[in-house]
Structure formats: C-alpha cells, structure tokens
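As a plain string of letters, each chain reads:
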Amino acid sequence: MDFSLALTLVWTVTFFLIQRTEAKSRGCVTWFMLLVVGGAVAWFSYTRGVFDQALSALFWGALINFVFWLLIGRYNPVKSSDEIQVLGMDD
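Residues numbered from 1 in each chain as written. Predicted model: local features only at pLDDT ≥ 70, side-chain atom pairs only at ≥ 80, totals over all residues. Heavy atoms only, no water.

Chemist: Teacher, can you tell me more about the overall build of the protein chain here?
Modeler: Each helix and strand in the protein chain was counted, giving 3 helices and 0 strands. Order of helices (α) and strands (β) in the protein chain, N terminus to C terminus: α-α-α. What you see for the protein chain is a C-alpha radius of gyration of 16 Å, clearly larger than the 12 Å of a compact globule of 91 residues, by over 25%. Oriented by its inertia axes, the alpha-carbon framework of the protein chain measures out at about 55 × 25 × 20 Å. Of all 91 residues assigned to the protein chain, the portion counted as buried reaches 24%. The contacts in the protein chain between residues at least 6 apart in sequence include a share of 77% that link residues at least 24 apart. In the structure as shown, the protein chain presents an accessible area of about 6900 Å², 70% of it carried by carbon and sulfur atoms. Within the protein chain, one finds 6 positive and 7 negative side-chain charges whose respective centroids are separated by 7 Å. (Helix = DSSP H or I, 4+ residues; strand = E, 2+ residues; numbered from the N terminus. Rg over C-alpha atoms; globule rule 2.2 N^0.38 Å. Buried < 20%, exposed > 50% of the residue type's maximum accessible area, 1.4 Å probe, protein only. Contact = heavy atoms within 4.5 Å. Areas by Shrake-Rupley, 256 points an atom, 1.4 Å probe, with all protein chains shown as cover. Lys, Arg positive; Asp, Glu negative; His and termini not counted. Charge placed at Lys NZ, Arg CZ, Asp CG, Glu CD.)

Chemist: Explanation requested: the side chain of threonine 12 in the structure shown.
Modeler: Looking at where threonine 12 falls in the secondary structure, it is placed in helix H1 (residues 4–19). A distance of 2.7 Å separates a polar side-chain atom of threonine 12 from the backbone oxygen of threonine 8. Excluding its chain neighbours within four sequence positions, the residues that come into contact with threonine 12 are Gly61, Ile64 and Asn65. (Polar contact = N/O pair within 3.5 Å; in protein donor to acceptor, adjacent residues only side chain to side chain.)

Chemist: For this particular structure, what's the right way to read the packing of aromatic side chains?
Modeler: Aromatic ring pairs are reported here in terms of the distance separating the ring centres and the angle at which the planes meet. In the structure shown here, the tally under the stated rule is 5 aromatic pairs. Judged by centre distance (5.2 Å) and plane angle (70°), the ring pair of phenylalanine 59 and tryptophan 60 falls under edge-to-face. The class of tryptophan 60 is partly exposed, set by a relative accessible area of 43%. Taking NZ or CZ as reference, arginine 74 lies 5.6 Å from the ring centre of tryptophan 69, over its face. (Phe/Tyr/Trp six-rings, centres within 6.5 Å; stacked < 30°, edge-to-face > 60°. Lys NZ or Arg CZ within 6 Å of the ring centre and 35° of its normal.)

Chemist: Sorry, what's going on with the nonpolar core here?
Modeler: Nonpolar side chains in soluble globular proteins generally cluster together in the buried interior. Grouped together as the largest cluster of nonpolar side chains are 10 residues: Phe3, Leu7, Trp11, Ile18, Met33, Val37, Val41, Val50, Ala54 and Ala57. Counting only elements with at least two residues in this core, the list comes to H1, helix H2 (26–48) and helix H3 (51–73). (Core = buried A, V, L, I, M, F, W, Y, C linked by side-chain atoms within 4.5 Å.)

Chemist: Quick question: what am I supposed to make of the confidence of the model for the protein chain here?
Modeler: In low-pLDDT segments, the atomic positions of the prediction should not be examined closely. Of the residues in the protein chain, 96% reach a pLDDT of 70 or more, and the chain-wide mean stands at 89. Within the protein chain, no element has a lower average pLDDT than H2, which sits at 92, and none a higher one than H3, at 94. (pLDDT = per-residue confidence, 0-100.)

Chemist: How do you make sense of the packing of H1 against H2 when you look at a structure like this?
Modeler: Geometrically, a packed helix pair is captured by the angle between its two axes and the distance between the axes. Taken N-terminus to C-terminus, the directions of H1 and H2 make an angle of 170°; their axes are 9 Å apart at the nearest point. By the angle between their axes, H1 is roughly antiparallel relative to H2. Here Leu7, Val10, Trp11, Thr14, Phe15, Leu17, Ile18 and Gln19 of H1 come into contact with H2, specifically with Arg26, Val29, Thr30, Met33, Leu34, Val37, Gly38, Val41 and Phe44. Its residues placed into classes, the contact of H1 with H2 shows 12 nonpolar, 4 polar and 1 charged. (Axes fitted to C-alpha atoms, helices over the stretch in contact; angles between N-to-C directions. Parallel < 35°, antiparallel > 145°, perpendicular 65-115°, else oblique. Nonpolar A, V, L, I, M, F, W, Y, C, P; charged D, E, K, R; others polar.)

Put into structure tokens, the structure is as follows:
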C-alpha cells in the first residue's frame, strides 16, 4: 500500500504549523512537533516497512512549505501576540 500522500500531508501540516508559529514559542513548538510527529512517523514507517516513502514525504513536505513561504509567508510574517488587535474590542 502506498502511504506517500498521507505522509506528505502529515509532514506538510507539521512544517506549516512550525512556520506559522509566533517567534517567541517557535523553538518549543519545533521540538515538540518534531519529537511527537517525527517519532510517530518513524514508528509507523518502520513497522509498515515504508521508510523510503517517509523520507520522500519529508522531502516533499519541506519543499511544499518552502514554496508556500516563498510565495506567501515572506510577505505576510507572523505577528507577535502583543501586536494583534481584535476588531470590536474597546481596549
């Protein structure tokens, strides 16, 4: 069975969440996501014997997120939670 698309989606979402995290907490989120998701994917790919598909999915997930950053993320950086204003709030 081919798990490439599912694994690519998992890595893409993981990298996207890391990329769009506030700068203050990016290190903590990166370590947590890579340990939890990376561990789960490594265990899954090892038990199913699809480690080569997991490595390919890792590459494609990173490439998709790089293209997203290149086209959108560079021009719309993540703001600090101190700078975000909610519309309709009187504060």
